[in-house]
Amino acid sequence: MAEFKTNPEILQPENQVYKRTELLTDKALSYCPGCGHGTAHRIIMESIEEMGIQSETIGIAPVGCSVLAYEFMNIDMQQAAHGRAPAVATGVKRLFPEKFVFTYQGDGDLAAIGTAETIHACNRGENITIFFINNGIYGMTGGQMAPTTLAGMKSSTSPYGRDTATMGNPLKITELIANLPGTIYVTRQSVHTPAAVRKAKKAVRKALENQKLKKGLSFVEIVSNCNSGWKMTPRQSNDWMVENMFPFYPMGDIKVNDDK
Amino acid sequence: MAKNKGEIVVDIERCKGCEVCIPACPEEVIAMAKHVNRKGYHYAMPTNDACTGCTNCAVVCPDGAITVYRKKFND
Amino acid sequence: MKELRLMKGNEAFAEAAIRAGADGYFGYPITPQSEVMEYLMAQKTHERTGMITLQAESEVAAINMVYGGASCGKRVLTSSSSPGMSLKQEGISYIAGAELPCLLLNVVRGGPGLGTIQPSQSDYFQSTKGGGHGDYRLIVLAPASVQEMADFAGLGFDLAFKYRNPVLVLSDGAIGQMMEKVELDVQRPRFTEDEIRKNSPWATIGKTPDREHNIITSLDLESIKMEQHNHSLQAKYRLIEENEVRYEKINCEDADYAFIAYGTSARICQKAIEIARAEGIKVGLMRPITLFPFPSKVVKEMTTRVKGILCVEMSAGQMVEDVRLAVEGRVKVEHFGRYGGIVHSPSEIVDALKKQIIGG
């Protein structure tokens, strides 16, 4: 491979068009190489930076791979018990209605143990934002079946593939909460390609801006990969996701509020 | 006709060699280095000067390891 | 100027919480304490003081709403009864681990399981030894009157913030439901954001440029740090044991025997003392007001003057273990209890004293 030399003329501060946001701490992310969590963290923090609300935003981290989100997100953060982030966020938002409050949760946290908290926070129309990272598996604990694990999908607790007859069906929690009057914006995005990331970031930004309207809960699902849990390389896992997850969890807005 | 020329700088120690940036680059600029960083990951690096500074690689990088520069040239 | 009223225990606690400057109540219905939330809703606390009153979808959700509010340095509380308190144990362990101030009320009912709705004291272990996981303690206050139900709301908040620790008011169905006269404090203002930033700089209410971001968590995967954290928690509990013991002694000066009882049981023991003394039996009562920190030194000192101690509890005997720990075999310690919701009568207690302590 020819030795490539950088062009100092371009590498000038004034030419810089993209750099890592300061709203991510310096800590190395604990996520596996290529995991969508990191990208999701970044577009959320970039949005908060662009909105200039770092000093008014409180994030609630779940239990799961992103339990350490508070190490990476450079805002005031609380770590919630497994599944309870929407209730924790409710407590914060009710007491500080002018602050921006979001939860950041995985599929096990939000759609298994925390189902009731998710549904009731949505049903009460809490003025919070829920970021829901759906990779169809319990990553932190080593790849067990999750509520969103696809039919026939292998995991450490469905080693022969998820048998819906005995293990239940993959749960479309996002479509479910979209039916609740308390939710005003419900969308499903992904972060595996530049185009997808740019679209996802618009959704993140809208979901946070919505809190100013005080009209209800905004819910952003991000379908993501889990190369360790799915036992693939990062790029293979993104391809597998498109091929298998997207048909069951279709991309796009499910419910949109039109007010500015 | 004006032409954008770009450069990327990869934070070698932050990169985890996931290669997700490779297919994101329309100009096929990026490849994994032969060498590894402190954690043993082959890190991403630019391999030619076709970069236009479009930021695709940085936008899709899960670890935010890429900084992008762009300059307009009137050749 | 204090205000005199005739109130039900649960309602006196709710009113006192409002007046103590509570910012948020998060609860769930369960007999025999639903009046707390009903009263707060009827009072329209939001209009009265700006206080939030919210009914959650479960006790689990309620305690986690408390966690969120407490992490912001606000005065937050919840109330429940035995089965509901069991559901809250994980949340309480998180709150203790993250060192957050909050106020909890348990209006105890008979157990185990769905049990009964009648009064009981069978949650003593859960309350004082930690019903959740990990080495943690709650400051536990045991009211024996409607007045103390009111007093312990304000006191509970103050102790919670003094030690950044959850405070539990351990009441029971009788005290929660009975009506007595009560003197209520004047309204105390709620915390402003500036006061929180000054008095609770750890609170997560928005990272201002002048400081690092605050993190409220009970997690630390590095064992060395986790052990240090536990050491600091234990040091706090020793400090609480040193400074916060509260108890009451009745007729103990000349007593040959003693009852040890708290809450409703202590009330009944006072009548038992009358009956016994009328028969020439000199017995007194030591009533622990704090169940943690337990008045162990006081009990130890009593053994130099009484020949026997009868613990009277509406349970199969839980506090009696702490008494035995303090007595260390110096004198006879026995337990008398009715449970399942039955409240013992004074004469039963006198008979037990004669049979188990004096006659024995």
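Rules and cut-offs
Once a new chain begins, its residue numbering starts again from 1 and follows that chain's sequence as written. Naming scheme: in the order in which they are written, chains are lettered from A and ligands are numbered from 1. Given that the model is predicted, a residue must reach a pLDDT of at least 70 before its local features are reported, and side-chain atom pairs must reach 80 or more before they are shown or counted; all residues, however, enter totals for whole chains, interfaces and linings. Water and hydrogen atoms play no part in the side-chain values, which are based on all heavy atoms of the structure. Throughout, a residue-residue contact means that at least one pair of heavy atoms, one from each residue, lies within 4.5 Å. Take the accessible area each of two parts loses on contact, using a 1.4 Å probe, and add the two losses: that sum is the buried area. Salt bridge, as used here, is a side-chain nitrogen of Lys or Arg placed within 4 Å of a carboxyl oxygen of Asp or Glu. Every helix listed is a DSSP run of H or I at least four residues long, and every strand listed is a run of E at least two residues long, numbered separately from the N terminus. Note on residue categories: nonpolar means Ala, Val, Leu, Ile, Met, Phe, Trp, Tyr, Cys or Pro, charged means Asp, Glu, Lys or Arg, and polar means any other residue, Gly included. Pairing between two strands is assigned when DSSP locates at least 2 bridges connecting them. The axes used here are C-alpha line fits, helices contributing only the stretch in contact, and every angle between their N-to-C directions lies in the interval 0 to 180 degrees. Any angle that falls under 35 degrees is termed roughly parallel, while one over 145 is termed roughly antiparallel, one within 65 to 115 roughly perpendicular, and all others oblique. Definitions for this section: a left-handed crossing has its near helix turned counterclockwise from the far helix by less than a right angle. A right-handed crossing has that turn clockwise. In this analysis, the protein atoms alone were mapped onto a 1 Å grid. Cavities are point sets where a 1.4 Å probe fits without being able to get out; pockets are open sets with protein on both sides within 12 Å along at least five of seven lines; lining residues have an atom within 4 Å of a point. Grid points are joined across faces, edges and corners, and a volume is the space filled by probe spheres set on the points. Centres within 6.5 Å make a pair out of two Phe, Tyr or Trp rings, where for Trp the six-membered ring is used; the pair is then stacked when the planes are under 30 degrees apart, edge-to-face when over 60, and tilted otherwise. Burial classes: relative accessible area under 20% of the type maximum marks a residue as buried, over 50% as exposed, and values in between as partly exposed (1.4 Å probe, protein chains only). Geometrically, a charge over a ring is one whose NZ (Lys) or CZ (Arg) sits within 6 Å of the ring centre while staying within 35 degrees of the ring normal.

Peer 1: What's the story with the interface of chain C and chain A in this structure? I'm lost.
Peer 2: The parts lose accessible area when they come together, and the size of an interface is often stated as this lost area. Each partner contributes residues to the interface: chain C has 38 residues there, and chain A has 35 residues. Carbon and sulfur atoms supply 62% of the area that chain C and chain A bury against each other, a total of about 2700 Å² over both sides. The largest share of the area that chain C buries against chain A comes from C:Glu57, C:Lys207 and C:His213, three residues that together contribute 21% of it. Between the two partners, chain C and chain A, sit three salt bridges. The partner of C:Glu57 in a salt bridge is A:Arg124, and the shortest N-O contact between them spans 2.8 Å. Among the elements of the structure, strand E2 (24-27), strand E3 (52-55), helix H4 (59-71), helix H6 (89-97), helix H10 (193-199) and strand E9 (215-216) of chain C are those that each provide at least two residues to the side of chain C that touches chain A. Top element by residues in the side of chain C that touches chain A is H4(C). It accounts for eight residues. Within the side of chain C that touches chain A, the residues separate by chemical class into 17 nonpolar, 13 polar and eight charged. Strand direction decides the pairing type here: strand E3 (residues 76-79) of chain A and E9(C), joined by two bridges, are parallel. When the bridges of E9(C) are listed, A:Gln78 appears paired with C:Ile216.

Peer 1: Would you mind going over the packing of helix H1 (residues 9-19) of chain C against helix H2 (residues 34-42) of chain C with me for this structure?
Peer 2: Packed helix pairs are characterised by how far apart their axes lie and by the angle those axes make with each other. Residue and element names in this part refer to chain C. Two elements in contact, H1 and H2, have axes whose closest approach is 8 Å; the angle formed by their N-to-C orientations is 45°. Classified by the angle their axes make, H1 and H2 are oblique. The interaxial crossing formed by H1 with H2 has right-handed handedness. Across the interface between the two elements, Asn10, Glu11, Phe13, Ala14, Glu15 and Ile18 from H1 touch Glu35, Val36, Tyr39 and Leu40 from H2. Its residues placed into classes, the contact of H1 with H2 shows six nonpolar, one polar and three charged.

Peer 1: Sorry, what's going on with the layout of surface pockets here?
Peer 2: Any empty space left between atoms is shown by rolling a water-sized probe over those atoms. A volume near 520 Å³ is recorded for the largest pocket. As for the largest pocket, its lining consists of 22 residues, and the residues nearest its centre are A:Tyr70, A:Glu71, C:Thr217, C:Leu219 and C:Asp220. Within the residue set of the lining of the largest pocket, elements represented by two or more residues are helix H2 (69-72) of chain A together with E9 and helix H11 (223-243) of chain C. By residue number, the principal contributor to the lining of the largest pocket is H11(C), which donates three residues. Looking at the lining of the largest pocket, its residues break down into nine nonpolar, six polar and seven charged. Reported here for the second largest pocket is a volume of approximately 380 Å³. Lining the second largest pocket are 17 residues, with C:Glu241, C:Pro293, C:Phe294, C:Pro295 and C:Ser296 sitting closest to its centre. Among the secondary structure elements, those contributing two or more residues to the lining of the second largest pocket are strand E13 (290-292), helix H13 (296-302) and helix H14 (319-327) of chain C. Of the residues forming the lining of the second largest pocket, the biggest block, four residues, is contributed by H13(C). Classifying every residue of the lining of the second largest pocket by side-chain character gives nine nonpolar, two polar and six charged.

Peer 1: When you look at the packing of aromatic side chains in this model, what are you seeing that I'm missing?
Peer 2: Note on aromatic pairs: each is described by the distance of the centres and the angle between the planes. Summed over the entire model, instances satisfying the criterion amount to 10 aromatic pairs over all chains. On the basis of an interplanar angle of 85° and a centroid distance of 4.9 Å, the ring pair of A:Phe248 and A:Tyr249 is categorised as edge-to-face. For the pair C:Tyr67 and C:Tyr94, a centre-to-centre distance of 6.5 Å together with 75° between the ring planes defines the contact as edge-to-face. With C:Tyr67 in helix H4 and C:Tyr94 in helix H6, this residue pair connects regions lying 27 residues apart in the sequence. One exposure class covers both C:Tyr67 and C:Tyr94, and it is buried. The ring of B:Phe73 carries the charged tip of B:Lys71 above its face, separated from the ring centre by 5.3 Å. Of note, C:Arg75 hangs over the ring of C:Phe191, and the distance from its end group to the ring centre comes to 3.9 Å.

Peer 1: Explain the sheet that holds strand E1 (residues 2-10) of chain B here, please?
Peer 2: Hydrogen bonding along the main chain pairs the strands of a sheet, whether they run parallel or antiparallel. Reading across from one edge, E1(A)-E4(B)-E1(B) is the order of the three strands in this open sheet, with antiparallel pairing throughout. The open sheet has two edge strands, strand E1 (16-18) of chain A together with E1 of chain B, and neither has a second partner. Shown here is a sheet whose adjacent strand axes are inclined to one another by a mean of 35°, direction ignored. Taken together, the two bridges between E1(A) and strand E4 (residues 66-74) of chain B define a ladder with antiparallel strand orientation. For A:Gln16, the partnering residue across the bridge sits in E4(B) and is B:Tyr69.

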